[in-house]
Amino acid sequence: MQQRISLITLGARDMAREAAFYDALGWQRANGPEGVIAYDLLGQTLGLFGLEDLAKDIGVPVETLGHGALTLAHNLGSREEVDALLARAEAAGAKILKPAQEVFWGGYHGYFADPEGHIWEIAHNPFSPLRAEDGAFRWEGYGEG
């Protein structure tokens, strides 16, 4: 069995506001069904789906969904790119939770919450450079695994 995440779905209370935020980051929307907004990523898709509709689809009360201890990460090729993306996110309506700074493991990162509270880590990992051919992140530089 291959290890993968194909689709990450964020439940959104206000689809228009969430979509406007990701649009303002410069992300391009993919074609999708009515009621879903999708952005194709490198190997996955990020989808926005109405929170009430998501709860109904799963068959649970909306209160069950809540916010779990989850962060999404976007790795970049340099510290300067981290600073620039955090600034762009803040200008688009994100709340900066942790300004970019050096990390104990030797990298550089910061955190923001999108308009609905989904938390993103924006990072540069000098031990796992992005692949030149496609920009993909691979967990390298930490030994075998």
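This text goes with the structure placed above it.
To start, this report covers the structure provided alongside it.

So, how was this worked out
Residues numbered from 1 in each chain as written. Predicted model: local features only at pLDDT ≥ 70, side-chain atom pairs only at ≥ 80, totals over all residues. Heavy atoms only, no water. Patch = residues over 30% accessible without salt bridge, like charges linked within 9 Å, V, L, I, M, F, W, Y side chains within 5 Å. Areas by Shrake-Rupley, 256 points an atom, 1.4 Å probe, with all protein chains shown as cover. Salt bridge = Lys/Arg side-chain N within 4 Å of Asp/Glu carboxyl O. Lys, Arg positive; Asp, Glu negative; His and termini not counted. Charge placed at Lys NZ, Arg CZ, Asp CG, Glu CD. Helix = DSSP H or I, 4+ residues; strand = E, 2+ residues; numbered from the N terminus. Buried < 20%, exposed > 50% of the residue type's maximum accessible area, 1.4 Å probe, protein only. Phe/Tyr/Trp six-rings, centres within 6.5 Å; stacked < 30°, edge-to-face > 60°. 1 Å grid on protein atoms, 1.4 Å probe; cavity = no way out; pocket = protein on both sides within 12 Å on 5 of 7 lines; lining within 4 Å. Points joined across faces, edges and corners; volume = space filled by probe spheres on them. Nonpolar A, V, L, I, M, F, W, Y, C, P; charged D, E, K, R; others polar. Arc of directions from axis to C-beta. Contact = heavy atoms within 4.5 Å. Pairing = 2+ DSSP bridges.

1. Details of a negative patch on the surface
Side chains of Glu52, Asp53, Asp57 and Glu63 sit close together on the surface and give a patch of like negative charge. Among the elements that make up the negative patch, the one with the highest residue count is helix α2 (residues 51-58) (three residues). Along the polypeptide, Glu52 turns up in helix α2. With a relative accessible area of 57%, Glu52 lands in the exposed category.

2. Structural notes on the packing of aromatic side chains
One pass over the full model with this rule turns up seven aromatic pairs. On the numbers, 5.3 Å between centres and 40° between planes, the contact of Tyr22 with Trp27 is tilted. Look at Trp27 and you get buried, because its relative accessible area is 18%. Within the aromatic cluster, the residues linked to one another by ring pairs are Phe21, Tyr22, Trp27, Tyr39, Phe112 and Trp120.

3. Quick word on the layout of surface pockets
In this structure, the largest pocket spans a volume of roughly 1,400 Å³. What lines the largest pocket is a set of 31 residues, among which Leu42, Gln44, Ala73, Phe137 and Arg138 lie closest to the centre. Taken together, the elements giving at least two residues each to the lining of the largest pocket come down to β5 (72-76) and β8 (119-124). Top element by residues in the lining of the largest pocket is β5. It accounts for five residues. Looking at the lining of the largest pocket residue by residue, the classes come out as 17 nonpolar, eight polar and six charged.

4. Points about the environment of Glu80
Tracing the sequence through the fold places Glu80 in helix α4 (residues 79-91). Separated by 28 residues in the primary sequence, Glu80 and Tyr108 place their C-alpha atoms 9.9 Å from one another.

5. Topic: α2
For α2, the full list of buried residues reads Leu51, Leu54 and Ala55. Down the axis of α2, the buried side of the element spans an arc of 100°, and every buried residue falls inside it. In α2, those exposed residues whose orientation departs by more than 90 degrees from the buried face are Glu52, Lys56 and Asp57. For α2, the elements touching its buried residues are β1 (7-12), β4 (45-50) and α3 (62-65). Among the residues trailing α2, Gly59 stands out with phi positive, at a value near 90°.

6. Observations concerning the pattern of salt bridges
Per the counting criterion, the structure on display carries three salt bridges. The partner of Arg17 in a salt bridge is Glu116, and the shortest N-O contact between them spans 3.4 Å. Remark: Glu116 occurs in the loop between β7 (108-113) and β8 and Arg17 occurs in helix α1 (residues 15-24); sequence separation between them is 99 residues. Note that Glu102 is salt-bridged to Arg79, the shortest N-O span being 3.2 Å. Linking Glu102 in strand β6 (residues 95-102) with Arg79 in helix α4, this pair joins segments that are 23 residues apart in sequence.

7. Observations concerning the pairing of β4
For β4, the buried fraction is high: six of the six residues fall into the buried class. Of the two faces of β4, the one holding Thr45, Gly47 and Phe49 and the one holding Leu46, Leu48 and Gly50 are both buried throughout. Note that β1 and β4 share six bridges and pair parallel. When the sheet's bridge partners are listed, Gly11 is paired in β4 with Phe49. Relative to β4, strand β3 (residues 36-40) is paired through five bridges, and the arrangement is antiparallel. For Ile37, the partnering residue across the bridge sits in β4 and is Leu48.

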